[in-house]
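As a plain string of letters, each chain reads:
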Amino acid sequence: DSGVTQTPKHLITATGQRVTLRCSPRSGDLSVYWYQQSLDQGLQFLIQYYNGEERAKGNILERFSAQQFPDLHSELNLSSLELGDSALYFCASSLGTGNEPVTQYFGPGTRLLVL
Amino acid sequence: AQSVAQPEDQVNVAEGNPLTVKCTYSVSGNPYLFWYVQYPNRGLQFLLKYITGDNLVKGSYGFEAEFNKSQTSFHLKKPSALVSDSALYFCAVRDREGGYQKVTFGTGTKLQVIP
């Protein structure tokens, strides 16, 4: 158990809908990262937050957004969902800002299925 | 831009034999390198990382990896494979320079240890 929690574990929804994925980092970790894992594109970095502020952006679509709250939990919002958004979404957390070569600790993931 | 390549989609090895999972990388400067393992229906777990110093890095579960700057490689090794090592292995790289940088993951190599 990494100490990172994600809810829900599974999510089934329809195209065009909007969903929110939630992540709670390990105790003491200030950075949260979001990744998408799909069969055709592998593990893709989406976005990183550090202590409430956006720190780095990866291959995140404009339909997707994230935020980190004062209690350090983070939410990833996916809107106007398409079939291709079906994937495993992982959250990871780490100490520090990410500028250091820190280890990222991954949550168990949320499996999203868009029908 | 940084990138990482895992040239083998799958590696099969007999239990008790040594195993190697290959990884090569490309960064503009000096790299930070990581190996993670993913068991079925689980998040990624950290195995080991190279930051600086000794080219041979020892990690969890008896795994080790050797940093080779001239060959830009960071192959994962274990002297004697266990059936329980069967999983998906990811190599990841991050450039040391440039401030807040995302970690780029490889596409993963499925390791199958045959009893």
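Residues numbered from 1 in each chain as written. Chains lettered and ligands numbered in written order. Predicted model: local features only at pLDDT ≥ 70, side-chain atom pairs only at ≥ 80, totals over all residues. Heavy atoms only, no water.

1. Here's the deal with the pattern of salt bridges
Enumeration according to the criterion identifies 6 salt bridges over all chains in this entry. The partner of D29(A) in a salt bridge is R26(A), and the shortest N-O contact between them spans 2.8 Å. One salt bridge connects E64(B) with K58(B), and the closest N-O pair in it is separated by 2.9 Å. Three or more residues are tied together by salt bridges with common partners; here these are R63(A), E82(A) and D85(A). (Salt bridge = Lys/Arg side-chain N within 4 Å of Asp/Glu carboxyl O.)

2. What to know about the state of the cysteines
Residue and element names in this part refer to chain A. The full count for this structure, using the stated rule, is 2 disulfides over all chains. The partner cysteine of C23 in its disulfide is C91, sulfur to sulfur 1.7 Å. On the S-S bond that ties C23 to C91, the torsion sits near -50 degrees, and the link is left-handed. Residue C23 is located in strand β3 (residues 19–24), and its partner C91 is located in strand β9 (residues 87–94); the two are separated by 68 residues in the primary sequence. The residues C23 and C91 share a single accessibility class, namely buried. (Disulfide = S-S within 2.5 Å. Helix = DSSP H or I, 4+ residues; strand = E, 2+ residues; numbered from the N terminus. Buried < 20%, exposed > 50% of the residue type's maximum accessible area, 1.4 Å probe, protein only.)

3. Regarding the interface of chain A and chain B
Contacts between the two partners involve 20 residues from chain A, matched on the other side by 20 residues from chain B. Roughly 1,700 Å² of surface becomes buried between chain A and chain B when both sides are summed, with 56% attributable to carbon and sulfur atoms. Viewed at the interface, chain B and chain A are joined by 0 salt bridges. Seen at the junction of chain A and chain B, the total is 3 residue pairs in polar contact (both at pLDDT 80 or more). Secondary-structure elements contributing two or more residues to the side of chain A that touches chain B are β4 (31–38), β5 (42–50) and β9 of chain A. Per-class residue counts for the side of chain A that touches chain B are 9 nonpolar, 8 polar and 3 charged. (Contact = heavy atoms within 4.5 Å. Buried area = accessible area lost by both parts, 1.4 Å probe. Polar contact = N/O pair within 3.5 Å; in protein donor to acceptor, adjacent residues only side chain to side chain. Nonpolar A, V, L, I, M, F, W, Y, C, P; charged D, E, K, R; others polar.)

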